[in-house]
Amino acid sequence: MNNNLILLIIRFIGLMTLQIFIFNHINLFGYINPYPYVLFLLVFPFMANRSLYILIAFFTGITLDMFGNSGGIHAAACLFLAYLRPYALRFAFGVSYEYNAIKLSKVGFYERFVFISVMVIIHHLILFLLEVFNITDILYTLNKTLVTSIFTIILCMVINILLSRRKE
Amino acid sequence: MQQIINFLIRNKHFFLFAFLLALSLAFTIQSHSYHRSRFVNSANFFSGGVYTSVSNLQNYFKLTEYNEQLLQENASLRERLQDYDESKTTLGNIDNIKNAIEIDSANQYQFIPAQVINNSYSKADNFITIRGGKNDSIQRDLGVITSKGIVGITDKSSSDFCTVLSMLNSNFTTNAKLKSSEHFGTVQWDGKDPNRIQIIDMQQQAPVKIGDTIETSGKSAIFPKGIPIGTIESFDLDQSKNFYILSVKLLNDMTSLGHVYVIKNKFKDEIKALENRDNE
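Keep in mind that this is a model prediction, so the values were computed, not measured.

Looking at this model, I keep getting lost on the overall build of chain A. Mind explaining?
Counting secondary structure elements, chain A contains seven helices and zero strands. Traced from its N-terminal end to its C-terminal end, chain A shows the element sequence α-α-α-α-α-α-α. By sequence separation, contacts in chain A at least 24 residues apart represent 66% of the contacts at least 6 residues apart. Accessible surface, chain A: about 8000 Å² in total, of which carbon and sulfur atoms supply 72%.

Following this line, the structure appears as structure tokens:
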């Protein structure tokens, strides 16, 4: 239990540091910054208390907002992600999710990919809707969501596979 | 009553979610309106300190670039100093006297050096964090420039750090004029290209030419007159067919900022007070 907590804290600090100092400054093609920090919320223990999880998601988002001066857009996007995660789990893993305690490192590549993609796209859509904050630029928003999502999903999958390999 | 409590307990996750969501949406909406106090910003002890330590490290890799910028600035300042000396010794004709007066009136502005510790340019609303705050007498609503052109306006300041509303922010506006004439317009950013900004409401009579320089008009009491912004790249009439919209290529590279100057106008409070009295 204690070990898990330490692992969580290390993961949080590690991903946030990477996000703030590396991924926030990538600016691929001038405007694409991936947000792989969402991986922290995605792999957060599935069986944890849901209220605690929502609070942690809010805290994660507001930390990034503080560093990026972006108001509350990351906090809002993370909250949606946290609130909708059980539904996405059910969607990606079927009923098996409800009966046994599954771990993301134990499921197949395809299911993992579906789960991460659904969550990342929801997160990015809300993030960029709030960032642009202008419904007339909806095409620009969707375009940015799509391109950034692809980038984030690839990064999340790579980080996830690298980290789960080590444990085996 | 029992049922209400039961209902609340059963849906506690949802209520927690809704409450926090409302909070974050409030922060978001606040951040989209100019000049409201922002609760969450990077001008605080924690994020400012973290940014400073990392930027100290990064600065070593950019020393050559900064040195070059400083050399260029020194060179241009030396040129101006020469002009100044010449105009002082030959106060013969009217133009020289005018020049000398203009230079003297520049004392109205105080320049405070500061260091950029965080910069963003790929979002719709970009902010810069600089090292330098209330202890260096940097407050809100001061202009920020580099040797090449304007950068933004200071927003929130703590004792040691300050956030700057970048030129690349949808809330940023200032007045700009053509270098060749006194026609002016309003600077805005459309949120797309970090190298280009737009100038709207430029009079149709203005002699606009591609390649002309755009500079600050000095009307806003934030920036002094004559600080370069960029060069005109293209222009077009707007929907009303009465005003030009100009697309301006920035002289400043907003994607690579190192050292900046914060401009303090000694008469700003006086000007503001006067303007407020007029409005009443």
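Quick question: what am I supposed to make of the sheet that holds strand S3 (residues 143–145) of chain B here?
Paired through their backbone hydrogen bonds, the strands of a sheet run either parallel or antiparallel. Residues and elements named next belong to chain B. With antiparallel pairing, the six strands of this closed barrel are ordered in space as S1-S2-S5-S4-S3-S12. Taking each pair of neighbouring strands and ignoring which way they run, the sheet shows an average axis angle of 45 degrees. When S3 meets strand S4 (residues 150–157), the two strands line up antiparallel, connected through three bridges. Bridge pairing in S4 links Val144 to Gly152. Its contacts with the sheet place helix H3 (residues 45–59) against strand S1 (109–119), strand S2 (125–131) and strand S5 (161–169), and it is angled at close to 85 degrees to S1.

I tried to follow the side chain of A:Asn160 on my own but got confused; where do I start?
Residues and elements named next belong to chain A. If you trace the backbone, Asn160 turns up in helix H7 (residues 138–167). Take Asn160: its relative accessible area is 8%, and that puts it in the buried class. At 2.9 Å, the side chain of Asn160 forms a polar contact with the side chain of Arg112.

Definitions and cut-offs
- Residues numbered from 1 in each chain as written.
- Chains lettered and ligands numbered in written order.
- Predicted model: local features only at pLDDT ≥ 70, side-chain atom pairs only at ≥ 80, totals over all residues.
- Heavy atoms only, no water.
- Helix = DSSP H or I, 4+ residues; strand = E, 2+ residues; numbered from the N terminus.
- Contact = heavy atoms within 4.5 Å.
- Areas by Shrake-Rupley, 256 points an atom, 1.4 Å probe, with all protein chains shown as cover.
- Pairing = 2+ DSSP bridges.
- Axes fitted to C-alpha atoms, helices over the stretch in contact; angles between N-to-C directions.
- Buried < 20%, exposed > 50% of the residue type's maximum accessible area, 1.4 Å probe, protein only.
- Polar contact = N/O pair within 3.5 Å; in protein donor to acceptor, adjacent residues only side chain to side chain.

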